[in-house]
Amino acid sequence: MSHSGDSHYLVTAEEGYDTEFRSYPDDAWYSVQLLLEGERSEKLRVKYDEFPAESDNVFLADNFKSEDELHDFLGRFRKVSAQLQDPNCSKVVKGMRVCASDSFAAGEVLFYDAIVDDVLRKKHSNLNGQEECECIFLLFWLHGPNVGNLANKGVADICLLQDSELHPKLIYFMEISMQNIVKALPDFVPGTTSDDLVCNIVARLRETNGRPLSGSLRQGKYAQRSLSEVWPPQGGTCDNRQDTDVGGDKRLYVILVQNLEKDLSSSAVSKFIHEQTSIATQVYIFPSLTWEPYTNGVIMMDCKKDVEQLFGFLQSPNQFTVSSNGRPLVATEKLSLNDHWTLMLKSPNKLLNRREGGFSSELKVVCSGTEEYKKAKELRDLFLQFTDHQKRLYKKLCTEETSISSIPYYLQL
């Protein structure tokens, strides 16, 4: 352990740039090294590979004011992805999530996540005894400047995501941050222990955080630009603070989703969204009557950019999000709400925030050209016809001055 001034670094010689970080200013992935600093290791330094020291970012545990802020931050880390090798191109299939390079003006090359929309297989060539892949991969960008667009890429542009647990340094930093968050709660009593509550929250974060981190592969993301030129001032983006309206009130962004399986949990939806888009959300699922074949819910975020990206993902014509039984999730509307609605939606008395226990359904992506996609499209179209009929009937009943209490429950949804 080496010391520098009044802080110290927790790093060993064998550790390197084994982690990827999705930066706040350009939303691109970079290879980084993690260092813990301070007497209590309350500072996390993120060092960018092949960038000067002035490009480092330092995050303070005291700056995280809520569990959601910390959850979103942790979701920006994962184990470094592995470069796809020519002989292994068959590992990339339709519907798979990959990390790929995208080129911009002035020679910029940045890395973003994408879904493989299609693969055009071609016979491999042989150059000086080395196999060379000639296949073309059609990618659907999940974030970045070209989010929602398609692009043709080759094997050299694609990296494979790696499954991993939370990096040990992130776990340590997370626990310190959660202790500070818990101590700031209005009902916290000084002198009492918060260990149990911290452990419960940490366990939830570990479970729902997707795929961040740990590893030793030297497969780097080398963006050809200076981070110091694009890094914003502290608190300058909605990734680390809530959007506000003109009056200064906090805004909550909501996507209404319908046609959900009744045994689908809130955590399963939130986990799926994070794995596919790297967006942290809160999901609430409405109660439904026993005779109803489906239920509805809301997906909540505090960042307008995130809601636009997620809504585009859920409504992409190139894919459907379906349950394990093939039922398509239908995103019908996005809303911006004020503090009153924020408090109501977050109240457990208003909505059912379903946990894992007793629920078994999962979500997956089906891509255009597959039988699952064809079936999902037919079911989606039938559902939209059904809900359109409900709306027209409800409107007709209302224009006839029918008492709202006499209108059937399922027409009031």
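Calculation criteria
Residue positions within a chain follow its written sequence, with the count starting from 1. Only residues with pLDDT of at least 70 get local features here, since the model is predicted, and only at 80 or more are side-chain atom pairs given and counted; chain-wide, interface and lining totals rely on the full set of residues. For the side-chain quantities, the full set of heavy atoms in the structure was used; hydrogens and water were omitted. When accessible area is computed with a 1.4 Å probe and restricted to protein chains, residues below 20% of their type maximum are described as buried, those above 50% as exposed, and intermediate ones as partly exposed. Secondary structure elements follow DSSP: runs of H or I of four or more residues count as helices, runs of E of two or more count as strands, with numbering from the N terminus. When DSSP finds two or more bridges between two strands, those strands count as paired. Residues adjacent in sequence count toward polar contacts only when both atoms are side-chain atoms; beyond that, a polar contact is any pair of N or O atoms within 3.5 Å, and within protein one must be able to donate a hydrogen and the other to accept it. Here a Phe, Tyr or Trp ring, Trp counted by its six-membered ring, pairs with any other such ring whose centre lies within 6.5 Å, and the pair is stacked when the planes are under 30 degrees apart, edge-to-face when over 60, and tilted otherwise. Here, a salt bridge means any Lys or Arg side-chain nitrogen found within 4 Å of an Asp or Glu carboxyl oxygen. Grouping buried Ala, Val, Leu, Ile, Met, Phe, Trp, Tyr and Cys residues that are joined through side-chain atoms within 4.5 Å yields what is termed a nonpolar core. An automatic or database domain assignment supplies the start and end points of every domain. Every residue pair with non-hydrogen atoms within 4.5 Å of one another is taken to be in contact.

A.B. asks: So what exactly am I meant to see when it comes to the pairing of strand β5 (residues 43–48) here?
C.D. replies: Along any regular strand the residues' side chains alternate between the sheet's two faces. Counting buried positions along β5 gives 5 out of 6 residues, so the element sits mostly inside the fold. As defined by bridge partners, strand β4 (residues 29–37) adjoins β5 across 6 bridges and the pair is classed as antiparallel. Bridge assignment links Glu37 to a residue of β5, and that residue is Lys43. Where β5 meets strand β6 (residues 57–60), 4 bridges bridge the pair, whose relative direction is antiparallel. The partner of Val46 across the bridge, within β6, is Asn57.

A.B. asks: Even after reading the chapter, I still don't get the side chain of Gln276, so can you show me in this structure?
C.D. replies: With respect to the helices and strands, Gln276 occurs in helix α4 (residues 266–277). Accessibility expressed as a relative area gives 13% for Gln276, which makes it buried.

A.B. asks: Quick question: what am I supposed to make of the sheet that holds strand β8 (residues 82–83) here?
C.D. replies: Two orientations exist for strands paired in a sheet by backbone hydrogen bonds: parallel and antiparallel. As summarised here, the arrangement of the 6 strands in space is β8-β15-β9-β10-β13-β14, forming an open sheet in which the pairing is antiparallel. Since the sheet does not close on itself, it has two edges, and those belong to β8 and β14 (150–153), each with one partner. Summarising the sheet, β8 and strand β15 (residues 158–160) pair through 2 bridges and their orientation is antiparallel. What sits directly across from Ala82, in β15, is Leu160.

A.B. asks: Help me out: how do you make sense of the side chain of Asp27 in this one?
C.D. replies: The topology assignment puts Asp27 in the loop between β3 (19–22) and β4. A polar contact of 2.5 Å, which involves the side chain of Asp27, links it to the side chain of Arg22.

A.B. asks: It is not clear to me how the packing of aromatic side chains should be interpreted in this structure. Could you clarify?
C.D. replies: To describe a pair of aromatic rings, you give the distance between the ring centres and the angle between the ring planes. For the structure shown, the criterion picks out 16 aromatic pairs. A centroid spacing of 6.1 Å and a plane angle of 65° characterise the contact between Phe21 and Phe59, whose relative ring orientation is edge-to-face. Highlighted residues: Phe21 in strand β3 and Phe59 in strand β6, separated in sequence by 38 residues. This pair shows no difference in class: Phe21 is buried, exactly as Phe59 is. Consider the rings of Tyr30 and Tyr48, whose centres lie 5.5 Å apart with planes at 90°: the pair is edge-to-face.

A.B. asks: What exactly am I supposed to notice about unusual backbone geometry here?
C.D. replies: In most cases, non-glycine residues show a negative phi, while peptide bonds are predominantly trans. One non-glycine residue, Asp27, adopts positive backbone phi at about 65°. Despite not being glycine, Ser278 shows a phi value in the positive range, around 65°. The residue Ser278 is located in the loop between α4 and β17 (282–285) in this model.

A.B. asks: I tried to follow the pattern of salt bridges on my own but got confused; where do I start?
C.D. replies: A side chain of one charge can pair with a side chain of the opposite charge if their charged atoms are brought near each other. Taken as a whole, this structure holds 15 salt bridges when the rule is applied. With a shortest N-O distance of 2.2 Å, Arg45 and Glu37 are connected by a salt bridge. Its relative accessible area of 4% is what places Glu37 among the buried residues.

A.B. asks: Explain the nonpolar core here, please?
C.D. replies: Note on soluble globular proteins: their nonpolar side chains tend to be buried together. With 46 residues, the main nonpolar core has Phe21, Leu44, Val46, Phe73, Phe77, Phe137 and Phe173 as its most contacted residues. At 8 residues, the largest contribution of residues to this core is made by helix α2 (residues 168–183). The residues that make up this core include at least three from each of domain 1 (19–79 + 164–186) and domain 2 (90–160). In contact with Phe137, other than residues within four places in its own chain, are Leu84, Cys89, Val92, Asp118, Val119, Arg121, Ala151, Asn152, Lys153, Gly154, Val155 and Ile158. Formed by 27 residues, the second largest nonpolar core is a distinct cluster that contains Leu142, Val307, Leu310 and Val365.

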